[in-house]
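Given next are the chains, with one letter for each unit.
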Amino acid sequence: MLLLLACVDPAVIRKADPDPPARDTLDDTGHPVDTADSAPPIDTAPLQDGDGDGYTTDDCDDSDANVSPGATETCDGRDEDCDGSVDEALGSTWYTDADGDGWGAGDGVTACEAPSGTVASAGDCDDGDGDVHPGADEVCDGVDDDCDGGGDPASPPSCPDPDAAATDEGGGLVALAASGFVLADEDTWTTNAAILDALATFLPTVTVGDVFADGNRDTDVVDDWSRATGFARGFTWNSGDDDVDYWFPQGITGTFDADPSGVVDGYEGVLVSWHYDPDAAGTSYDKGVRVSFADVSSSGAVTYRHALLVEPTGSAADPDFAAVEVHAGGIAWLGSLLYVADTSNGLRVFDMDRILEVSTDDEAAIGCDGSSCRAYNYKYVIPQVSRYAMPACGCDVSFSFVGLDRSSSPPSLVTGEYDADTISGQLLRWPLDEATGLLEGGAYTAASEAYVGQQDRIQGAASHDGQWWLSCSSQSGSNGLLYDVTTSGSDAYSWPYGPEDLAVDEGNGWLWSVTEHEGSRVVFAVELGAVGG
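Here we summarise the structure given alongside this text. Fair warning: this is a prediction, and the values are worked out from it, not measured in the lab.

Conventions we followed
Residues numbered from 1 in each chain as written. Predicted model: local features only at pLDDT ≥ 70, side-chain atom pairs only at ≥ 80, totals over all residues. Heavy atoms only, no water. Helix = DSSP H or I, 4+ residues; strand = E, 2+ residues; numbered from the N terminus. Rg over C-alpha atoms; globule rule 2.2 N^0.38 Å. Contact = heavy atoms within 4.5 Å. Areas by Shrake-Rupley, 256 points an atom, 1.4 Å probe, with all protein chains shown as cover. Lys, Arg positive; Asp, Glu negative; His and termini not counted. Charge placed at Lys NZ, Arg CZ, Asp CG, Glu CD. Salt bridge = Lys/Arg side-chain N within 4 Å of Asp/Glu carboxyl O. Buried < 20%, exposed > 50% of the residue type's maximum accessible area, 1.4 Å probe, protein only. Pairing = 2+ DSSP bridges. Axes fitted to C-alpha atoms, helices over the stretch in contact; angles between N-to-C directions. Disulfide = S-S within 2.5 Å.

**Digging into the overall build of the protein**
- A count of helices and strands for the protein gives 7 helices and 33 strands.
- Over its C-alpha atoms the protein spans a radius of gyration of 44 Å, topping by over 25% the 24 Å that the globule rule assigns to 533 residues.
- For the protein, the spread of C-alpha atoms along the principal axes amounts to about 175 × 60 × 40 Å.
- The long-range fraction of contacts in the protein, counting pairs at least 24 apart against all pairs at least 6 apart in sequence, stands at 55%.
- With the model as given, the accessible surface of the protein reaches about 24,400 Å², and the carbon-plus-sulfur share is 46%.
- The protein carries 19 positive and 101 negative side-chain charges, and their two centres are separated by 14 Å.

Right, dumping it as structure tokens:
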């Protein structure tokens, strides 16, 4: 037999069998196994319970026997029951307490322990004021202090009894609780400013200096006056104003109050308020209050001019003004603001930077008709810009007079009440915002001091460096007496007939006053050092 052998190219063989079976995996008999279709090997190793809590599956922390699907969830920031939630339905709600009064506000956060700056009690309606929270005392301040939604009390919670406190005539000041005496800003600043802006489009605005420079009445100088202890200087009005029986001088202030330098627009001046009596004048209308601008820059002759106080009425579209029908028993000038006592209500505020010039052709007319305005023949008007009034929740008191105390910190107004029959007239101090000259409290201001004067017929009061002075009428026959008073007692000094308001002139070391009765009206100053200062 003949054998034939042929040589075959390996490349040809590879082309004929392009996908040879895999030979890298064999079974126990040596046959190849198709790994693509084979099942994974079964793990027959026993399950582990590392923490011995009886759970080998679904244990989310097999190193802690307190953590397992059957464990009890506690408030500790961990998922003890392995349900995927931490401290569910556990913990307390905590509220931000920004003002530190123990009461919080906002929605709160849930936590096991109080986060920093939070408390458990909610319901603080002003978390920026530590005096406002549930349970706080409700006081007369325009704020819902106790967060009950009710606001201020309908009536004062308590007020001092001046009659009970006044037991020793001339015994000095007796301190009273002051916080119940409150003044609320009626906040007509913006409304009145709009009306005054409209008026200024057709009426000239003048300065205080313009009014002083336009003095049209002369006075007589008083060189000596024994009726007033420590007399320093004085003057009388012209005969028409001295004798008139329907205008009465009441309040006094000056450039010494308005500016620490004692000078405004180059003038040293004294201002005096007068109130009008329509019955005595026989008129159907009340002219209200006029203010005299007396130039006392020199020691010689004094000239003066009257201006009328007015209250804006109407609107910015139809601006007008009316007379201010108050007694004006005291005035105090600070910066651009003139405070005027409004006996039964509080204090009115006028703007000395908005004095307007009006027509002088009708003595019986006041107000505006188109672009023409009149004020009972007075050439200048001083407009009211707002008023501080006693709210129902404050203690009742009269505002018979007002004065400025620049020596207090902060500067303050002092007010008081006239009482002809008792020694229970009350004296109050009202703190001022030094930057603005307004009452310090904003919307509501509480008195910082209160006293009973223990004198009757107090017509005016002044305070400086902790010392008080009281101007009292008809206590020495028909003449008055001046008292310097403290809480320790009082001393009396000769004082004239019909004395009224007081004002301290710190720069000159004087105490100014004015008398009211026709035929004997004098504006005068005495040396503070001679009357206990």
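What follows picks up the thread again.
**Section: the pattern of salt bridges**
- Under the criterion given, the structure shown has 18 salt bridges.
- Asp 241 is paired through a salt bridge with Arg 290; the nearest N and O atoms lie 3.1 Å apart. Residue Asp 241 is located in helix α5 (residues 239-243), and its partner Arg 290 is located in strand β12 (residues 289-295); the two are separated by 49 residues in the primary sequence. An identical accessibility class is assigned to Asp 241 and Arg 290; each is buried.
- With a shortest N-O distance of 3.0 Å, Arg 429 and Asp 405 are connected by a salt bridge. Note that Arg 429 is positioned in strand β24 (residues 426-431) and Asp 405 in strand β22 (residues 401-405), a separation of 24 residues in sequence.
- Overlapping salt bridges, with partners in common, bring together Glu 186, Glu 311, Asp 342, Arg 348 and Arg 387 in one network.

**Some thoughts on the sheet that holds strand β8 (residues 220-222)**
- If you walk across this open sheet you meet the 5 strands as β8-β9-β33-β32-β31, and the pairing is antiparallel. The open sheet has two edge strands, β8 and β31 (499-505), and neither has a second partner. Each adjacent strand pair in this sheet contributes to an overall mean axis angle of 20°, direction not counted.

**Some words on the state of the cysteines**
- For the structure shown, the criterion picks out 6 disulfides.
- Linked covalently through their sulfurs, Cys 75 and Cys 112 form a disulfide whose S-S length is 2.0 Å. Every disulfide takes its handedness from the sign of the S-S torsion; for Cys 75 and Cys 112 that torsion is -105°, giving left-handed. Of this pair, Cys 75 sits in the loop between α1 (10-16) and β1 (92-96) while Cys 112 sits in the loop between β2 (105-111) and β3 (118-119), and the two are 37 residues apart along the sequence.
- Among the residues examined, Cys 112 registers a relative accessible area of 32% and is labelled partly exposed.
- Disulfide partner of Cys 140: Cys 393, at an S-S distance of 1.9 Å. Classification of the bridge connecting Cys 140 and Cys 393 rests on its S-S torsion, roughly 60°, and on that basis the disulfide is right-handed. Residue Cys 140 is found in the loop between β3 and α2 (162-165), and its partner Cys 393 is found in the loop between β21 (380-389) and β22; the two are separated by 253 residues along the sequence. The exposure classification of Cys 140 matches that of Cys 393, with both residues buried.

Geometric values such as these leave the question of function open.
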